[in-house]
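Here's the letter readout for the chains.
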Amino acid sequence: MEVPTQDLPPRVRIHEVGARDGLQNEKATVPTEVKAEFIHRLADAGLTTIEATSFVRPDRVPQLADAEALFPLVRDLRDERGVALPVLVPNARGLDRALALGARRVAVFASATESFARANLNRTVDESLAMFEPVVARAKSGDAGKVHVRGYLSMCFGDPWEGAVPIARVVHVCKALLDMGCDELSLGDTIGVATPGHVQALLAELNEEGVHTDRIGVHFHDTYGQALANTLAALQHGVTTVDASAGGLGGCPFAKSATGNLATEDLVWMLNGLGIETGVDLGRLTATSAWMAGHLGRPSPSRTVRALVGATTDPSPKES
C-alpha cells in the first residue's frame, strides 16, 4: 500500500552496484557471459545506473579480472538505451584501460581513515588523494570526452581498527575529492555501523561546509540491520542518490558477520510504499536476483527476494 510521507524527494536514482561491488566480494567467480546477462537483466528491470566492473589488477581482485572482456558486452546498454555504466579505476593505469574501451563514467575509491587507506591502498590518506588527483584531472581534461567522476569514500561512520570516525575528518576528505574535480560523492558505511542520527549529522556538517546535498550519494551496509533506517534518514535530508546491490550481493571483508550491501529489492519495496519513483520493476528485479542466486549456488540474502520468490533458491541455474 502506497502511503507517501511529507518532505521526502519525489524520485530517487538507484546506483546499482551488484555487478561490481557485489560480485567482487563473492567467493565464487562468475563467468563473463553470466555477468553480462546479469547487467542486461538489471537494465531490463528499469535500473538506469549500473556499475559494471572495476579496472583493478587481476591478481588483486580475480572476480573482476575480465573487465576488458565484459565491458564491450554491455556497452550497448549505454549507446542504445542510455544506461549509465560507471566503472571503478584505482589508478592511472586503470583509467587508461577504462578509457580505451570507451568508458564515460568512472569512480575512484578513497578512505576517511588512515588504517583502511593502509590496508586497502597501502598508502596514507594524503598519499592516496595525491594518487587520485592526476587520475581525476585526466578524466576531466576533455581529452577523452566528457567523463563523469564519482568519489567513493569508505569508513565514513566507523573503522574496524580505529573505531568511531570524527565527522570533521570525513568532511575534510569529501571536500578534497570535490576540489580535485569529482562530480559526486558516495558516503560509505563500509562496516555497517551507522545509525540515523549519525547520518543526518554528517550530512548537515557537509552542507555547513559548502557541500550541496545534490552532490551526495549514500552507500550503506546492513551489518546491524540499519541500512534502510539510515537510507530513510538520508532521504529526509534531501539525498536522492542511493547505492544498492541486487539481491544484497557482496559485503565487507573487514566487518565481522557483515550481511552485505543494502539489497536493491528491499530499497525499492520501501520506496514504493513511500510513493517515491525509481523506475524499477520490482518483479523483474527479484526474478533477476533469484536467477543470479542460482548461479552463485545459494539463496539471496535480500528479505524482499525471499518474501516474493521463496526462502530457498535452486542452486542449479536455469537457462539464461
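See above for the structure.
What counts as what
- In every chain, residue numbers begin from 1 and rise along the written sequence.
- Given that the model is predicted, a residue must reach a pLDDT of at least 70 before its local features are reported, and side-chain atom pairs must reach 80 or more before they are shown or counted; all residues, however, enter totals for whole chains, interfaces and linings.
- Values shown for side chains rest on all heavy atoms present in the structure; no hydrogens or waters enter the calculation.
- In this description a helix means any DSSP run of H or I spanning at least four residues, a strand means any run of E spanning at least two, and both kinds are numbered starting from the N terminus.
- Each polar contact in these results corresponds to two N or O atoms within 3.5 Å; when the atoms are within protein, one needs to be able to donate a hydrogen and the other to accept it, and residues that are neighboring in sequence are counted only if both atoms are side-chain atoms.
- Here, residues are in contact when the closest pair of their heavy atoms is within 4.5 Å.
- Note on classification: 1.4 Å probe, protein chains only; a residue is buried when its accessible area is under 20% of the maximum for its type, exposed when over 50%, partly exposed between these limits.
- Pairing between strands is defined by DSSP: at least two bridges between the two strands are required.
- When the strands point away from the viewer and the connection leading from the first strand across the helix to the second strand turns clockwise, the crossover is called right-handed.
- Each nonpolar core is a collection of buried residues, namely Ala, Val, Leu, Ile, Met, Phe, Trp, Tyr and Cys, held together in the definition by side-chain atoms within 4.5 Å.
- Think of each axis as a best-fit line through the C-alpha atoms, taken over the contacting stretch in the case of a helix, with angles from 0 to 180 degrees between the N-to-C directions.
- The salt bridge definition used is simple: a Lys or Arg side-chain nitrogen within 4 Å of an Asp or Glu carboxyl oxygen.
- Residues enter patches when their relative accessible area tops 30% and they take part in no salt bridge; the joining distance is 9 Å for like charges and 5 Å for the nonpolar side chains Val, Leu, Ile, Met, Phe, Trp and Tyr.
- Only the protein chains shown count as covering a residue, and every accessible area follows the Shrake-Rupley method with a 1.4 Å probe.
- For this text, the term disulfide refers to a pair of cysteine sulfurs within 2.5 Å.
- Expected helix span is taken as 1.5 Å per residue step, with the number of steps being one fewer than the number of residues.

Caption draft 1: The arrangement of the side chain of Ser289 in detail. Mapped onto the fold, Ser289 is located in helix 11 (residues 282-296). In terms of polar contacts, Ser289 uses its side chain to reach the backbone amide nitrogen of Gly247, at 3.1 Å. Beyond its immediate chain neighbours, meaning those up to four positions away, Ser289 contacts Ala246, Gly247, Glu265 and Val305.

Caption draft 2: Here's a closer look at the pairing of strand 10 (residues 216-220). Counting buried positions along strand 10 yields five of five residues, so the element is predominantly enclosed. Both faces of strand 10 are covered, namely the face carrying Ile216, Val218 and Phe220 and the face carrying Gly217 and His219. Two elements, strand 9 (residues 184-189) and strand 10, share five bridges in a ladder whose sense is parallel. Directly across from Gly188, in strand 10, lies its bridge partner His219. In this fold, strand 9 hands off to helix 8 (residues 196-208), which returns the chain to strand 10; that crossover is right-handed.

Caption draft 3: Spatial organisation of the nonpolar core. In this structure, Phe38, Ile39, Val87, Leu153 and Leu177 are the most contacted members of the largest nonpolar core, which totals 91 residues. When residues in this core are grouped by element, the largest group, seven residues, is from helix 6 (residues 125-140). Residues within four places of Ile39 in sequence aside, it is in contact with Ala19, Ile50, Ala52, Leu70, Val74, Leu77 and Leu85.

Caption draft 4: Expanded view of helix 10 (residues 264-273). Among the ten residues of helix 10, seven are classified as buried, and the element is accordingly described as predominantly covered. Along helix 10, the residues that are buried comprise Thr264, Glu265, Asp266, Leu267, Val268, Met270 and Leu271. Gly275 sits one or two positions beyond helix 10 and adopts a positive phi of about 75°.

Caption draft 5: Spotlight on the sheet that holds strand 9. Spatially, nine strands are ordered 2-1-11-10-9-6-5-4-3 in an open sheet, and the strand pairing comes out parallel. Two strands in the sheet have a free side with no partner beyond their single neighbour: strand 2 (49-50) and strand 3 (53-54). With two bridges joining them, strand 10 and strand 11 (residues 241-244) adopt parallel strand pairing. By the bridge assignment for strand 11, Val218 is matched with Val242. Along the sheet, helix 10 makes contact with strand 1 (13-16) and strand 11, crossing strand 1 at roughly 175°.

Caption draft 6: Main features of the pattern of salt bridges. Under the definition given, this model contains 18 salt bridges. The partner of Asp243 in a salt bridge is Arg150, with the nearest N and O atoms 2.9 Å apart. Residue Asp243 is found in strand 11, and its partner Arg150 is found in strand 6 (residues 148-154); the two are separated by 93 residues along the sequence. There is no split in this pair, since Asp243 and Arg150 are both buried. For the salt bridge of Arg303 with Asp222, the shortest nitrogen-to-oxygen distance reads 3.5 Å. Of the two residues, Arg303 sits in helix 12 (residues 303-309) while Asp222 sits in the loop between strand 10 and helix 9 (227-237), which places them 81 residues apart along the sequence. When its relative accessible area of 58% is taken as the criterion, Arg303 is described as exposed. Using a relative accessible area of 15% as the deciding quantity, one classes Asp222 as buried.

Caption draft 7: Quick look at a nonpolar patch on the surface. A surface patch of nonpolar side chains, about 320 Å² in accessible area, is lined by Trp269, Leu308 and Val309. Here Leu308 is to be found in helix 12.

Caption draft 8: Broad picture of the environment of Val170. With respect to the helices and strands, the residue Val170 is situated in helix 7 (residues 167-179). Residues Val170 and Asn122, 48 residues apart in the sequence, show an inter-C-alpha distance of 19 Å. If sequence neighbours within four positions are ignored, Val170 has contacts with Ala112, Leu153, Cys156, Val165 and Leu202.

Caption draft 9: Spatial organisation of the state of the cysteines. Tallied over the full model, the rule gives zero disulfides. In this structure Cys156 is not part of a disulfide, and its nearest cysteine sulfur, from Cys174, lies 5.6 Å away. According to the relative accessible area criterion, Cys156 is buried, its value standing at 1%.

Caption draft 10: Quick peek at helix 11. Between its first and last C-alpha atoms helix 11 spans 21 Å; for 15 residues at 1.5 Å apiece the expected length is 21 Å, and the two agree. Burial within helix 11 is extensive, with eleven of its 15 residues counted as buried. Looking at helix 11, one finds that the buried residues are Leu282, Leu285, Thr286, Thr288, Ser289, Ala290, Trp291, Met292, Ala293, Gly294 and Leu296. Where helix 11 is buried, its residues touch helix 2 (32-44), helix 10 and helix 12. N-capping of helix 11 is provided by Asp281, with a side-chain oxygen placed 3.0 Å from the backbone N of Gly283. Phi turns positive one or two residues past the end of helix 11, at Gly297, with a value near 75°.

So far we have only geometry, and geometry alone does not tell us how the molecule works.
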